[in-house]
Amino acid sequence: MILRFLIVVAAAAGLAGCTFQNQDEREADRITQAVIKNDLKPVETDIAKGISVTRVKVAEWSDELNAQGKLLSVKETTVNCPPGWHCFDVKFAKRAYVERMRFDENHKVVDWSFHMAQE
């Protein structure tokens, strides 16, 4: 009985540790979550120096994304993704979005944008 319990606990811990997201998906997810919370502080060190985003702009983005309901997933895609960009299918409870992100040579974000996906 104890062995079965330990196996179940180990399996649950293993599954909890697996996010099934690559590094760029995790970064896009972190930025999306920060925008939803209207606070870029948690990701400010991920953004390249010299890139400025106003609090008003973040608030506008936050309002739009919050209106879409719960964030369900962020998955990288190559479909219609221009060279040099990383593109993501982002699913919310109410709508799907597409995000695009570019990195500099130090893997710092230099550009990030989103729009509603075509239905």
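All figures in this text were calculated on a predicted structure; none of them were measured in a lab.

Trainee: I tried to follow the overall build of the protein on my own but got confused; where do I start?
Mentor: Broken down by element type, the protein carries three helices and four strands. Written out in order from the N terminus, the α and β elements of the protein read α-α-α-β-β-β-β. The burial tally for the protein puts 30% of its 119 residues in the buried class. Of the contacts made within the protein by residues no fewer than 6 positions apart, 44% connect residues no fewer than 24 positions apart. Only carbon and sulfur atoms are counted for the fraction: they give 56% of the accessible area of the protein, which is about 8,100 Å².

Trainee: What exactly am I supposed to notice about the state of the cysteines here?
Mentor: Two cysteines, two sulfur atoms, one covalent bond between them: this is a disulfide. In the structure shown here, the tally under the stated rule is one disulfide. Cys81 shares a disulfide with Cys87; S-S distance 2.2 Å. On the S-S bond that ties Cys81 to Cys87, the torsion sits near 85°, and the link is right-handed. Neither Cys81 nor Cys87 differs from the other in exposure class; each is buried.

Trainee: How do you make sense of helix α2 (residues 23–36) when you look at a structure like this?
Mentor: Because an α-helix packs 3.6 residues into every turn, residues spaced three or four apart end up facing the same way. The terminal C-alpha atoms of α2 lie 20 Å apart, and with 14 residues this matches the ideal 20 Å at 1.5 Å per residue to within 8%. Burial runs high along α2: ten of the 14 residues are buried. Buried residues in α2 make contact with α3 (55–66), β1 (71–77), β2 (86–92), β3 (96–103) and β4 (109–116). Positive backbone phi, at 60°, marks Asn38, one or two positions downstream of α2.

Criteria and cut-off values
Residues numbered from 1 in each chain as written. Predicted model: local features only at pLDDT ≥ 70, side-chain atom pairs only at ≥ 80, totals over all residues. Heavy atoms only, no water. Helix = DSSP H or I, 4+ residues; strand = E, 2+ residues; numbered from the N terminus. Buried < 20%, exposed > 50% of the residue type's maximum accessible area, 1.4 Å probe, protein only. Contact = heavy atoms within 4.5 Å. Areas by Shrake-Rupley, 256 points an atom, 1.4 Å probe, with all protein chains shown as cover. Disulfide = S-S within 2.5 Å. Expected span 1.5 Å × (residues − 1).

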